[in-house]
Amino acid sequence: MAGVVVVGSMWGDEGKGKVTDYLAQKADAVVRYAGGNNAGHTIVYDGKKFALKLIPSGIFSGHEVIMGNGMVVNPKAFLEEVRYLNDAGIDTSRIKVSDRCHVILPYHLEIDAIQEKRKGDKNIGTTKKGIGPTYVDKYSRIGIRMGEFIDEELFLERLKETFPMKVMEYPELEEKYSVESIFEEYKEYAKAIKPLVCDTGMLLDEYLQQDRKVLFEGAQGAMLDIDYGTYPFVTSSHPGANGVCEGAGIGPLYIKEAIGIIKAYTTRVGSGPFPTELFDEVGDLIRERGHEYGTVTQRARRTGWFDAVVVNQSRRMSSLTGISLMLLDVLSGFETIKICKAYRLDGKEIYGLPSTVKDIERVEPVYEEMPGWQEDITHVQSFEELPVHCQNYIRRIEELIHCPVVMFSVGPDRNQTVVLKDIQF
Ligand code: IMP
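If you're wondering where the values come from, they're calculated on a predicted model, not measured in any experiment.

Caption draft 1: Inspection of the domain arrangement of the protein chain at higher detail. What the domain assignment lists for the protein chain is domain 1 (3-98 + 198-258), domain 2 (102-194) and domain 3 (263-419). Centre-to-centre, using C-alpha coordinates, domain 1 lies 24 Å away from domain 3. Between domain 1 and domain 3, the residue contacts involve 36 residues of the former and 40 residues of the latter. Contact between domain 1 and domain 3 buries roughly 3000 Å² in total, counting both sides, with carbon and sulfur atoms accounting for 62%. Of all residues in domain 1, Met-10, Trp-11 and Lys-18 bury the most surface against domain 3, accounting for 25% of the area lost on that side. Here domain 1 and domain 3 share two salt bridges between them. Close ionic contact of Asp-21 with Arg-414 constitutes a salt bridge, the shortest N to O distance being 2.9 Å. Here domain 1 is connected to domain 3 by 15 residue pairs in polar contact (both at pLDDT 80 or more). Broken down by secondary-structure element, the contributors of at least two residues to the side of domain 1 that touches domain 3 are α1 (16-24) and β11 (255-263).

Caption draft 2: Expanded view of the side chain of Thr-162. On the secondary structure map, Thr-162 appears in helix α6 (residues 152-169). Looking at Thr-162, the relative accessible area reads 1%, which means it is buried. In this structure the side chain of Thr-162 is engaged in a polar contact, spanning 2.8 Å, whose partner is the backbone oxygen of Ile-142. In this structure Thr-162 touches Tyr-107, Asp-137, Ile-142 and Ile-144, once residues within four positions along its chain are discounted.

Caption draft 3: Focus on the nonpolar core. Phe-216, Phe-306, Leu-328, Tyr-393 and Phe-408 are the most contacted members of the largest nonpolar core, which totals 70 residues. Of the domains in this structure, domain 1 (3-98 + 198-258) and domain 3 (263-419) are the two that each give at least three residues to this core. The residues contacting Leu-328, other than those within four sequence positions of it, are Ala-264, Trp-373, Ile-377, Leu-386, Cys-390, Tyr-393, Ile-394, Phe-408, Ser-409 and Val-410. Ile-114, Phe-155, Val-179 and Ile-193 belong to the second largest nonpolar core, which has 44 residues in total.

Caption draft 4: Representation of the site of the ligand. In the vicinity of the ligand lie 16 residues, with Asp-13, Asn-38, Thr-127, Thr-235 and Arg-299 positioned nearest. A distance of 3.1 Å separates a nitrogen atom of the ligand from a polar atom in the side chain of Asp-13. The side chain of Gln-220 places a nitrogen or oxygen atom 3.3 Å from a nitrogen atom of the ligand. In isolation the ligand offers 470 Å² of accessible surface; the protein chains occlude 96% of this area.

Caption draft 5: Seen up close, the packing of aromatic side chains. One pass over the structure, following the stated rule, counts 11 aromatic pairs. Measuring from centroid to centroid gives 4.8 Å for Tyr-186 and Tyr-189, while their planes differ by 85°, and the two rings are edge-to-face. Taken together, the positions of Tyr-186 and Tyr-189, both in helix α8 (residues 179-193) and three residues apart, correspond to about one turn of that helix. Accessibility assignment for this pair places Tyr-186 and Tyr-189 in one class, buried. Both rings, one in Trp-305 and one in Phe-334, keep their centres 6.0 Å apart while their planes meet at 75°; by these two values the pair is edge-to-face. Of the two residues, Trp-305 is situated in the loop between β13 (302-304) and β14 (306-307) and Phe-334 in the loop between β15 (322-326) and β16 (336-345); the sequence distance between them amounts to 29 residues. Exposure remark for Phe-334: the relative accessible area of 8% places this residue in the buried category. Lying over the aromatic face of Tyr-207, Arg-212 brings its terminal NZ or CZ to 4.3 Å of the ring centre. Above the plane of the ring of Phe-383 lies Arg-395, whose end atom (NZ or CZ) is 4.1 Å from the centre.

Parameters at a glance
Residues numbered from 1 in each chain as written. Predicted model: local features only at pLDDT ≥ 70, side-chain atom pairs only at ≥ 80, totals over all residues. Heavy atoms only, no water. Domains from an automatic or database assignment. Contact = heavy atoms within 4.5 Å. Buried area = accessible area lost by both parts, 1.4 Å probe. Salt bridge = Lys/Arg side-chain N within 4 Å of Asp/Glu carboxyl O. Polar contact = N/O pair within 3.5 Å; in protein donor to acceptor, adjacent residues only side chain to side chain. Helix = DSSP H or I, 4+ residues; strand = E, 2+ residues; numbered from the N terminus. Buried < 20%, exposed > 50% of the residue type's maximum accessible area, 1.4 Å probe, protein only. Core = buried A, V, L, I, M, F, W, Y, C linked by side-chain atoms within 4.5 Å. Near = heavy atom within 4 Å. Areas by Shrake-Rupley, 256 points an atom, 1.4 Å probe, with all protein chains shown as cover. Phe/Tyr/Trp six-rings, centres within 6.5 Å; stacked < 30°, edge-to-face > 60°. Lys NZ or Arg CZ within 6 Å of the ring centre and 35° of its normal.

If you want it as structure tokens, here you go:
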């Protein structure tokens, strides 16, 4: 067993990039297994800030980088990201793309926008990158897979079958696209990607059989899981460790550790229920201090207190073995800090997320209030150096979520991460 998984355990944007980057240095290969360019990872490498949406952040560590079959890949966005990295002197020749991942074509982006418009004020607030519509085609068994895409004849054949079906559902597509226009543009992208495409499941099995260290890099967050998130305000994949087997093509026994990334508070982008959301100046202060604006869409993130019900749900789904607690410094300066330990629904305390949005919107957070700390903690290098109220806050979180904090972060730089327990592959 030599697989470690890093997953977002809230609604995404927990700071996975930083932890992945740290663990990637010890790994031989870094794998993404779900989602597409709806993700946004910010990484500081060699003093420069990089924003990646699609390519695993392990690209900076110089190891093998794998984009698994569970992903949906926009070829144009992929090649733009490759160019962006190459222009900065980063080698991208070690990227491998699964022959089974599904290809996002321009009409998927259009359908995403049409669907959001049709939903009116019930829209999901998607990233409009065509993610959902591409997964729909996958499960309707009309999608185009990477292995087909890079075979020119087959790509055209599949496009001729699929596109007219989409036009029947969305007639407005015909105003912008035709089989010919898509084919002419995208066959060039296919040529450029072809040398990178292979059976990544087989490759990974080989690595794991040889006990090579493989890091699985989650995108988004577990609360956006298609089954266990706040459905329908979710993404269309399984972002947690529960998505690794299906999205990377390996079995569960290869996974040794699953590290959940959480913030010291909670954020969410897009629409959907958010029980601990703050609508006051405390929420605004957290947003400003935490620079809570989206990497992909620049949208202001919604902010709220820490929610143990949400993180417990993520722990269950991913069998989390450790927690990395990010942005702890953002909470310095509050008189008191609230933690949501349960929800109250119809007069009863509950510890799991209800399955319907209607009920999640009705729950009342049951808060515990703890004394805050006033000290600046951005220079702290150990748990013992933290103010005692901050230590108590961490210990209480661990109790409530039944999982140890193995790492915490007090600022954006690499040296502002404190490791309490080394993660072994
Ligand atoms: P989609 O993934 O673009 O279909 O968007 C579905 C939902 O997931 C929306 O609420 C998005 O804001 C959210 N979402 C998708 N990717 C991310 C991410 O990387 N971080 C945070 N939220 C995301």
